[in-house]
Amino acid sequence: MSLSALKSLGRDFELSKKKMRSIIRGFHLEMDNGLSGRTSSLKMIPTYVGRPTGREKGKYIAIDLGGTNFRIVSLTLKGRGVSSDHHVMKFALRKRDIASTGKRLFKFLAGSVKTFIKENRISRLGHIDLGFTFSFPVNQTGIASGTLVMWTKGFSASGVEGRDVVALLKRSLEEEGIGNISVTALANDTVGTLVARSYSDRDCDVGIIIGTGTNACYIEAIRKVRKLKAGRRKPGAMIINMEWGNFNKLKLTRYDRQLDKKSDKPGAQMLEKMVSGMYLGETCRLIMKDLISKKVLFGGISPAEFNKEMFFKGEFVSQVLADRTHNLAQIKALLRRSGVKDPSPEDRKIVRRVCELVSIRAARISAAAIVAVVTKTDPSIRRKHTVAIDGSVYEKLPGFSGKIKEAIRELSGRSSGKIRIMLTKNGSGYGAAIIAAVAANKRGSVR
Ligand code: BGC
C-alpha cells in the first residue's frame, strides 16, 4: 500500500527531459506574447535599464523590500567593484507592516531610512541618491517610476496596487523630514542581481531570484520589445523583468490545485507556487496530510499541527533534506516537535521522500526555465552566459543548486559548459545603487 501510494506520487512529481523541453517551448511562446503585448502569463516588463558600464561611481543608498526582511545599504562605487565602506541594516518585517495600509508600510520604510542615516552618521543636509529595490510586479513607466500591478508573497498593504510606488516613497521620505533623498531608480530584485554581477562580469545577462518568491530578468534587444511605442524602440538592449513566477503552463497535481485554491490570489503566480520557498513546505504538508488519510503515514493519525495551513515551513524542508544520519534522527526530532509522538523509521523515510520529490521538481522547473531564457536570445548557446542567482531556496535548500545544474546539463549537453550559474549574494541592493548611479548620470551611461 505504502509503496503504491509513493510510486504514484513519484509519477505525479517526476519531470522528465521531455516534459522539461515542453516547458521550454511554453516559455518561448509566452515570452514572445509578452514582448509583443499579447495576452501572456509572462508580463515581460521593460525596465528602461541596460547593462552598467562598470565605470559608475559615487555614494548611494539602496533600500530593498520584497523578502522576509527590509534591508538598507549605503555604499561607494569606485568603478569596477564596490568599496568596502558600506553599511548594511536589516529590519524584520512584521505582519502589521506588510498587511495593513500602504501608508503604514511606507512610513515604516521611510522611518527605517531615517534611523539608518542617523546611526551611520550620513549627513541629512546634502543631496543623496537612493535606489529602490521593490520586488513585486511593477508596470515600469521609466527608470524611477512604476505602478504596482499586484502584491505577491503574502504582502497585502491596502491602497498600493495601481499606485506609483516611487511617489508613495517620496512622500513618506518628505514626511519624515528627509526629502533631501531623491529616489533615482526603481528596480526589481532580479534586475538588481543582474546589474550587480554585470558590473564586473560582462557575460552576465540573466538575473534570477529563488527565495520567498521567484522571478527572472534578462537582457533583450530593444527592437524585440514590440510592445514599446516606436519612439522608445531605440537600438541597443534593455533588461526585461519577466515575472516568471506567474508562468501558468505547467502541469499541476491535485496538491498544487489545493494550495492555489486556498492562496491569497488563486490562479496567479502558479510557477512561484511550485518553486519558491513560501510554498514548498505547504505542498509537502498537503501531500503528507493525504498520506496520513490513506494510512500510509503516522499510522493514519494526524497530529494537530499538520492540519494548520503553512505550518510546515520552507526551513523544515531544508532540515529534512539536510539529515545525513543513518537513522534519520534529525527528521525524527523535527517530527516530534511537530506533534508526531513516535515517528517510525518508515515514516521518516516517507517524509524525506516527499520533501525530495517536491524540491527536485522545483529545481527541474527552474532549470528548464533558465535554459528557456538563455536560448531565447542565443538558441544554440554559442556565447557564454553568466546567470546571477540569489535567494534562500537556491542558496540553502540541500541539493537544490546541484539538481538545477544537473538538469541544465541534461537539457543542453556540452553547451551547458557555456552557462555559468553564479550565486550573487545581496546583489539586489547593490544593483539598485548601481542603477541609481546610472540614472543620476554621474559618470555612467546606459548602453
Ligand atoms: C515577485 C517578483 C520578485 C520575486 C522574487 C515575486 O513574487 O512578483 O517581482 O522578483 O518574487 O523576490
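Keep in mind that this is a model prediction, so the values were computed, not measured.

K.L.:
When you look at the site of the ligand in this model, what are you seeing that I'm missing?
P.N.:
Residues in contact with the ligand amount to 15 residues; listed here are only the nearest, Thr152, Asn188, Asp189, Glu243 and Glu272. Lysine 153 places a polar side-chain atom, nitrogen or oxygen, 2.8 Å from an oxygen atom of the ligand. In the complex, the protein chains occlude 99% of the 310 Å² of accessible area that the ligand would expose alone. Of all elements in the fold, only α6 (189–198) and β10 (214–221) reach the threshold of two or more residues within the shell around the ligand. In terms of residue class, the shell around the ligand is built from three nonpolar, eight polar and four charged.

K.L.:
Got a minute to help me understand the packing of helix α2 (residues 17–36) against helix α14 (residues 400–412) in this structure?
P.N.:
For any two helices packed against each other, one specifies the crossing angle of their axes together with the interaxial distance. One can describe the packing of α2 onto α14 by two numbers: an axis separation of 10 Å at closest approach and a directional angle of 85 degrees. Our classification of the angle between α2 and α14 gives roughly perpendicular. Across the interface between the two elements, Lys17, Met20, Arg21 and Ile24 of α2 pack against Ala407, Glu410 and Leu411 of α14. Residues of the contact of α2 with α14, tallied by class, amount to four nonpolar, no polar and three charged.

K.L.:
How should I be thinking about the pattern of salt bridges in this particular structure?
P.N.:
Opposite charge on two side chains allows them to pair when their charged atoms are near. The tally for this structure, following the rule as stated, stands at 27 salt bridges. We note a salt bridge from glutamate 30 to lysine 249, for which the minimum N-O separation is 3.9 Å. Placement of the pair is glutamate 30 in helix α2 and lysine 249 in the loop between β11 (237–241) and α7 (254–262), with a sequence separation of 219 residues. Overall, lysine 249 belongs to the partly exposed group, its relative accessible area being 47%.

Rules behind the numbers
- Residues numbered from 1 in each chain as written.
- Predicted model: local features only at pLDDT ≥ 70, side-chain atom pairs only at ≥ 80, totals over all residues.
- Heavy atoms only, no water.
- Near = heavy atom within 4 Å.
- Polar contact = N/O pair within 3.5 Å; in protein donor to acceptor, adjacent residues only side chain to side chain.
- Areas by Shrake-Rupley, 256 points an atom, 1.4 Å probe, with all protein chains shown as cover.
- Helix = DSSP H or I, 4+ residues; strand = E, 2+ residues; numbered from the N terminus.
- Nonpolar A, V, L, I, M, F, W, Y, C, P; charged D, E, K, R; others polar.
- Axes fitted to C-alpha atoms, helices over the stretch in contact; angles between N-to-C directions.
- Parallel < 35°, antiparallel > 145°, perpendicular 65-115°, else oblique.
- Contact = heavy atoms within 4.5 Å.
- Salt bridge = Lys/Arg side-chain N within 4 Å of Asp/Glu carboxyl O.
- Buried < 20%, exposed > 50% of the residue type's maximum accessible area, 1.4 Å probe, protein only.

Everything listed here is a matter of coordinates, which is why it stays silent on function.
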